[in-house]
Amino acid sequence: MKLACALLTALALCFITGTARSIQKDAGEQTIDLKKVPKAVIIEFKREYPKAVIKGCSKETENGWTRYEIESMDGNVTRDILYDPDGTAIVIEESIPRTALPQPVRDAIRKEFPKGRITRQEKVIKEDRIEFEVILKSGTDTLEVVYAADGTRVKKEKK
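How each quantity is defined
- Residues numbered from 1 in each chain as written.
- Predicted model: local features only at pLDDT ≥ 70, side-chain atom pairs only at ≥ 80, totals over all residues.
- Heavy atoms only, no water.
- Helix = DSSP H or I, 4+ residues; strand = E, 2+ residues; numbered from the N terminus.
- Buried < 20%, exposed > 50% of the residue type's maximum accessible area, 1.4 Å probe, protein only.
- Polar contact = N/O pair within 3.5 Å; in protein donor to acceptor, adjacent residues only side chain to side chain.
- Contact = heavy atoms within 4.5 Å.
- pLDDT = per-residue confidence, 0-100.
- Salt bridge = Lys/Arg side-chain N within 4 Å of Asp/Glu carboxyl O.
- Pairing = 2+ DSSP bridges.
- Axes fitted to C-alpha atoms, helices over the stretch in contact; angles between N-to-C directions.

1. Quick notes on the side chain of Asp-84
Alright, step 1. Relative to the assigned elements, Asp-84 resides in the loop between strand S4 (77–83) and strand S5 (89–95).
Alright, step 2. When its relative accessible area of 16% is taken as the criterion, Asp-84 is described as buried.
Alright, step 3. Of the polar contacts made by the side chain of Asp-84, one reaches the side chain of Arg-67; its length is 2.7 Å.
Alright, step 4. Residues within four places of Asp-84 in sequence aside, it is in contact with Val-41, Arg-67 and Ile-90.

Structure below.
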């Protein structure tokens, strides 16, 4: 009986360890050369942003899905776009001036973080939603806060 329990425990540990490794491997993001990005992604990026300069590329695998991210600079705008291999844009993150934050978002930040100082702001387009991500200093904390256009807080986390 003790031997059977020991074997079951050992098998369970092997399974858990193996599963944890595969999840960790699956959730990885790795920097890749532009030559390794699918042509459909490059074609779509260049069609949509002809004046942008590509600064870097990465490959992300999560939950069995492989996606490609292109980091770029287009004038003063930094833009990161996550693509499916077929060239479909999944998420677009682009820097915006503070004045481009919708008034309800600015009001919500002022109310929630009256002494907070915004250090970066981005417009994030996901599927049919537009959100606004701000990085701000509040006291000794650096926070990432995401708002819907109406000023509703979607997410808040320490950086």
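2. Here we look at the confidence of the model for the protein chain
Alright, step 1. In the predicted model, the protein chain carries a mean pLDDT of 86, and the fraction of residues at 70 or more is 83%.
Alright, step 2. Scored below 50 in pLDDT, residues 1–26 shows four contacts in the model against residues more than four places distant or in partner chains.

3. Observations regarding unusual backbone geometry
Alright, step 1. For Asn-63, which is not a glycine, the phi torsion comes out positive at approximately 55 degrees.
Alright, step 2. Here Asn-63 shows up in the loop between strand S2 (53–62) and strand S3 (65–74).
Alright, step 3. Residue Asn-63 is classed as exposed on the basis of its relative accessible area, which comes to 63%.
Alright, step 4. In this structure, Glu-127 is a non-glycine residue whose phi angle is positive, near 50 degrees.
Alright, step 5. Positionally, Glu-127 belongs in the loop between strand S6 (117–126) and strand S7 (129–138).

4. Observations regarding the pattern of salt bridges
Alright, step 1. For the structure on display, the rule yields 16 salt bridges.
Alright, step 2. The residue Lys-155 makes a salt bridge to Glu-157 at a minimum N-O spacing of 3.9 Å.
Alright, step 3. Because the salt bridges share partners, they merge into one network encompassing Lys-126, Glu-127, Arg-129 and Glu-131.

5. As for the sheet that holds S3
By way of backbone hydrogen bonds, the strands of a sheet pair with one another, either parallel or antiparallel.
Alright, step 1. The antiparallel open sheet is built from nine strands, whose spatial order is S1-S2-S3-S4-S5-S6-S7-S8-S9. What marks the edges here is a single partner per strand, and that holds for strand S1 (29–32) and strand S9 (153–158). Taking each pair of neighbouring strands and ignoring which way they run, the sheet shows an average axis angle of 20 degrees.
Alright, step 2. Seen against the sheet, helix H3 (residues 103–112) touches S6, S7, strand S8 (141–148) and S9 and runs at an angle of roughly 145 degrees to S8.

6. A word on the environment of Ile-135
Alright, step 1. With respect to the helices, strands and loops of the structure, Ile-135 is situated in strand S7.
Alright, step 2. Taking the C-alpha atoms as reference, Ile-135 lies 8.9 Å from Glu-122; in sequence the two are 13 residues apart.
Alright, step 3. If we ignore the near neighbours within four places in the chain, the residues touching Ile-135 are Arg-117, Ile-118, Thr-119, Arg-120, Thr-142, Leu-143, Glu-144 and Lys-159.

7. Details of the environment of Pro-102
Alright, step 1. Here Pro-102 is to be found in the loop between S5 and H3.
Alright, step 2. A C-alpha to C-alpha distance of 8.7 Å links Pro-102 and Phe-132, two positions 30 residues apart in sequence.

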